[in-house]
Amino acid sequence: MTFTRALVRPPASTFADGLTTAGLGSPDLPLALAQHEAYVKALEGCGLSVTRLPADDRFPDSTFVEDTAVLARGLAVLCRPGAPSRAGEVEAIRTALESFFPSPVAIEAPGTVDGGDVCEAGDHVFVGISERTNEAGARQLAAHLATRGLGTTLVDVRGIPGLLHLKSGIAWLGERTLALARPFAGRPEFAGWDVLDVPAGEEYAANAVLVNGRVLLASGYPRFETALRALGLRTVAFDMSEFRKLDGGLSCLSLRF
Ligand code: CIR
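Owing to the predicted nature of the structure, the values given are computational and were not obtained by experimental measurement.

**Q** What should I look at first to understand the overall build of the protein in this one?
**A** In terms of helices and strands, the protein carries five helices and 15 strands. Here the C-alpha atoms of the protein give a radius of gyration of 17 Å, agreeing with the 18 Å that 2.2 N^0.38 yields for 257 residues. Principal axes of the C-alpha set define a box for the protein whose edges measure 40 × 40 × 35 Å. Among the 257 residues that make up the protein, the fraction classed as buried is 53%.

As structure tokens, this is what we get:
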């Protein structure tokens, strides 16, 4: 899977009002903006042309654009975020994607889907059932993806402490390889896949993203980064401290296509 473009949205001035369970304190906006810029530069370094949407103060969580759409094989599925405060984020994304995806489809009520629960792994897609993504939404998404030849496995992630979305704990590393944080070890949904265990204590780094042969990951997780390199993967690490304070991972800061 080769990406040529990405869509991002810098943190809004209201960023510190975003949803969180992390208990890590309030984010520092100037630092978040600098970290976001470093992230954009990393995407550009992977060869992507990056579109920056204007920040939107009405939506404190709007920098987490990945939650608003699922993009796969030329198909755009507009999400219906599970948190009511985030529902209004989708409209601007719909507009921004229009010229690239002229016939988007959408998750309809009562379904809810957050893009952070959707892990594309080649011709297969894992979809988390979480506090944000419900079964009705996941089944609608699976039906849309099937029109593009993509199979789906649902993974119930409810009740895993500290895990907001499926991709808070898993990443696709290419071919048949998945990085799995501890709570997913041995789960039958991943039988038959090659698994790289995310070391205990480094769970946050599981939210890595493979972009054109490089793995982008949060800095400060040396054992996981070393394990990725041992697989022959090139890594690019950067500080995600301010996004982590809002339960955000690195994948959720962009839509890649
Ligand atoms: C939220 O709770 O919705 C945001 N504060 C964080 C969303 C992070 N999204 C993601 O990891 N895909």
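**Q** How should the side chain of Ser251 be read in this particular structure?
**A** Inspection of the secondary structure assignment puts Ser251 in the loop between α5 (241-244) and β15 (255-256). Excluding its chain neighbours within four sequence positions, the residues that come into contact with Ser251 are Tyr39, Glu66, Lys167, Asn207, Val209 and Arg256.

**Q** Help me understand the packing of aromatic side chains in this model?
**A** Note on aromatic pairs: each is described by the distance of the centres and the angle between the planes. Summed over all chains, the structure comprises 10 aromatic pairs. Seen from their ring centres, Tyr39 and Phe238 are 5.8 Å apart, and the 85° between their planes marks the pair as edge-to-face. Placement of Tyr39 in helix α1 (residues 29-45) and of Phe238 in strand β14 (residues 234-238) is noted, with a sequence separation of 199 residues between them. Using a relative accessible area of 0% as the deciding quantity, one classes Tyr39 as buried. Members of the aromatic cluster, joined through ring pairs, are Phe126, Phe184, Phe190 and Trp193. Positioned above the aromatic ring of Trp193 is the side chain of Arg176, whose terminal nitrogen or guanidinium carbon lies 3.8 Å from the ring centre. The cationic tip of Arg244 hangs over the ring face of Tyr204; the distance from NZ or CZ to the ring centre is 4.7 Å.

**Q** Any chance you could explain helix α2 (residues 90-97) here in plain terms?
**A** All of the buried residues in α2 are Val90, Ile93, Ala96 and Leu97. Angular distribution of buried residues about the axis of α2 spans 125°; they occupy a single face of the element.

**Q** Could you clarify how one ought to interpret the pattern of salt bridges in this entry?
**A** For side chains of opposite charge, pairing can occur when their charged atoms come near one another. Across all of its chains, the model carries 16 salt bridges by this definition. A salt bridge links Glu37 to Arg52; its shortest N-O distance comes to 2.7 Å. Of the two residues, Glu37 sits in helix α1 while Arg52 sits in strand β2 (residues 49-52), which places them 15 residues apart along the sequence. In this structure, Glu44 engages Arg52 in a salt bridge whose closest nitrogen and oxygen atoms are separated by 3.9 Å. In the salt-bridge network here, residues are joined through shared partners; they are Glu37, Lys41, Glu44 and Arg52.

**Q** It is not clear to me how the pairing of strand β13 (residues 214-218) should be interpreted in this structure. Could you clarify?
**A** One face of the sheet, then the other: side chains in a regular strand alternate in exactly this way. With four of five residues buried, β13 is to be regarded as a mostly interior element. For β13 and β14, the ladder comprises five bridges, and the chain directions are parallel. Of the residues in β14, the one forming a bridge with Arg214 is Arg234. Read from β13 through helix α4 (residues 222-230) to β14, the crossover connection turns out right-handed.

**Q** How do you make sense of the sheet that holds strand β5 (residues 105-106) when you look at a structure like this?
**A** Sheet strands associate in pairs through backbone hydrogen bonding, adopting either a parallel or an antiparallel arrangement. Spatially, three strands are ordered β3-β4-β5 in an open sheet, and the strand pairing comes out mixed. Each edge of the open sheet is held by one strand with a lone partner, namely β3 (69-72) and β5. Relative to strand β4 (residues 75-78), β3 runs antiparallel, the two being bridged by four bridges. From the neighbouring strand, Ala72 faces β4, where its bridge partner is Leu75.

**Q** Any chance you could explain unusual backbone geometry here in plain terms?
**A** The linkage connecting Ala109 with the following residue, Pro110, adopts the cis geometry, with an omega of 5°. Within the secondary structure layout, Pro110 lies in the loop between β5 and β6 (118-121). Phi is positive for Glu175, which is not a glycine, with a value near 50°. Position of Glu175 among the secondary structure elements: in the loop between β9 (170-172) and β10 (177-180). Even without glycine at this site, Asp247 takes up a positive phi of about 65°. Among the structural elements, Asp247 can be located in the loop between α5 and β15. A relative accessible area of 22% places Asp247 in the partly exposed class.

**Q** Looking at this structure, how should I read α1?
**A** In an α-helix there are 3.6 residues to a turn, and that puts residues three or four apart on one side. A rise of 1.5 Å per residue sets the reference length of α1, with its 17 residues, at 24 Å; its end C-alpha atoms lie 24 Å apart and thus fit the reference within 8%. Three or more residues of α1 are buried, namely Ala32, Gln35, His36, Tyr39, Val40, Ala42 and Leu43. The buried residues of α1 all sit within an arc of 155° when viewed along its axis, so they share a single face. Where α1 starts, the residue carrying a side-chain oxygen 2.8 Å from the main-chain nitrogen of Leu31 turns out to be Asp28. Within two residues after α1, Gly47 carries a phi angle of roughly 95°, on the positive side.

Reading the values: rules and limits
Residues numbered from 1 in each chain as written. Predicted model: local features only at pLDDT ≥ 70, side-chain atom pairs only at ≥ 80, totals over all residues. Heavy atoms only, no water. Helix = DSSP H or I, 4+ residues; strand = E, 2+ residues; numbered from the N terminus. Rg over C-alpha atoms; globule rule 2.2 N^0.38 Å. Buried < 20%, exposed > 50% of the residue type's maximum accessible area, 1.4 Å probe, protein only. Contact = heavy atoms within 4.5 Å. Phe/Tyr/Trp six-rings, centres within 6.5 Å; stacked < 30°, edge-to-face > 60°. Lys NZ or Arg CZ within 6 Å of the ring centre and 35° of its normal. Arc of directions from axis to C-beta. Salt bridge = Lys/Arg side-chain N within 4 Å of Asp/Glu carboxyl O. Pairing = 2+ DSSP bridges. Right-handed = clockwise from strand over helix to strand, strands pointing away. Expected span 1.5 Å × (residues − 1). Polar contact = N/O pair within 3.5 Å; in protein donor to acceptor, adjacent residues only side chain to side chain.

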